[in-house]
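A look at the structure
Listed below are the residues making up each chain.
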Amino acid sequence: MEDLKEPITATPVRPDRTGRRWGRIVLYVLATIGVLALALIALAYYLNAKEARKRVTIDEAAVIDNVMGETYGKYSAAKKGWLYVGDDDVTYLMRVVQQAKIPDGADGDELYFVASGNDVNGGANALYGVFYVHPDGKAGLTQENTQIRYPSTAPVRPEQVHFEALSENLWGWVIKTRDDADPGYAVTTTNTVLAPHDGQIAVLAEFVAARDAAPDKSCDEAKAEWDAWEKEMADEEGDFRIPLRCDKRRWTYRTATVNGNIPVPITVTAGGTLDGKPVEARSWKLMFDPKSFTYTIPDDLKEQ
């Protein structure tokens, strides 16, 4: 009788998945590293691009020469200025009288400058231009300017231009112009406040700065003639010619300390003499109106 043998049962061999599992882990790690690397590359590109925009720099001499040429035409080495023929067919000799570069703008340097000139033929015509050059957000530059004419034989000089911080994010100019076109009238000097706004150069305010008249008679006689003329004008029968009276008044201004994004108030103070006597000491406070983007000028200051 044959020996009975128990059947041999084969135990299934499970495949070793350890190597495959480690392979997946390695792939996951590599994929994660790749994503992080791409993110870091993108971040570096963004930061470099942003930094590049911030690094827009201005070569003052080159930029001014280019802008002046575009605005006024060819530079005259003989005249040491730009000969500009205006819309009024008057030829002005234009020169730069003020410039300031602000290096900490949002996207790089900002350049502010003023050019002025007068009639080369000696007429009572004068002109000044104010310019704001700044980054365009695309690693380039753009500019705004305005041209203002006034009746005078004298151009704006450097000492007549004051560059002011009006708020934490706004710079502007206070420019004095002298109206001396008619020798039969008092010579009036006016302060004009200008600043960049909404893609242009805006006029924020105008107020008197000085008035000068020296009649060829005593101050008492001139005052009597003035009073008689003023009465005739009140009766609507007076001569339009305004008689001169002794006048040497001055209106100084002072900007408040910058504190915030709203342009600061401007205080105007009267001084000097009228009819040979000291004028009443008084002041006006000009407040800024954000809606109109101008300063409010009191009526009695307008009438000075």
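Now for a description of the structure that goes with this document.

Cut-off values and rules
Residues numbered from 1 in each chain as written. Predicted model: local features only at pLDDT ≥ 70, side-chain atom pairs only at ≥ 80, totals over all residues. Heavy atoms only, no water. Helix = DSSP H or I, 4+ residues; strand = E, 2+ residues; numbered from the N terminus. Buried < 20%, exposed > 50% of the residue type's maximum accessible area, 1.4 Å probe, protein only. Contact = heavy atoms within 4.5 Å. Areas by Shrake-Rupley, 256 points an atom, 1.4 Å probe, with all protein chains shown as cover. Pairing = 2+ DSSP bridges. Axes fitted to C-alpha atoms, helices over the stretch in contact; angles between N-to-C directions. Expected span 1.5 Å × (residues − 1). Arc of directions from axis to C-beta.

**Topic: the overall build of the chain**
For the chain, the helix and strand inventory stands at 4 helices and 15 strands. Burial status across the chain gives 36% buried among its 304 residues. The contacts in the chain between residues at least 6 apart in sequence include a share of 48% that link residues at least 24 apart. A total of about 19000 Å² of accessible surface is found on the chain, and carbon and sulfur atoms cover 53% of it.

**As for the sheet that holds strand β4 (residues 110-119)**
The strand order across the open sheet formed by 6 strands is β1-β2-β3-β4-β5-β6, and the pairing between neighbours is antiparallel. Where the open sheet ends on each side, the last strands, each with one partner, are β1 (75-76) and β6 (141-150). Relative to strand β3 (residues 91-102), strand β2 (residues 81-85) runs antiparallel, the two sharing 4 bridges. Along β3, the bridge assignment pairs Tyr84 with Tyr92. This element, helix α2 (residues 60-72), spans β2, β3, β4, β5 (126-135) and β6 of the sheet and lies at about 45° to β4.

**Description of α2**
With 13 residues, α2 ought to run about 18 Å at 1.5 Å a step, and its terminal C-alpha atoms sit 17 Å apart, in line with that. Considered for burial, the residues of α2 that qualify are Val63, Ile64, Val67, Met68 and Tyr72. Relative to the axis of α2, the buried residues are bounded by an arc of 125° and lie together on one face. On its buried face, α2 sits against β2, β3, β4, β5 and β6. Once α2 ends, the next one or two residues include Gly73, with phi positive near 100°.

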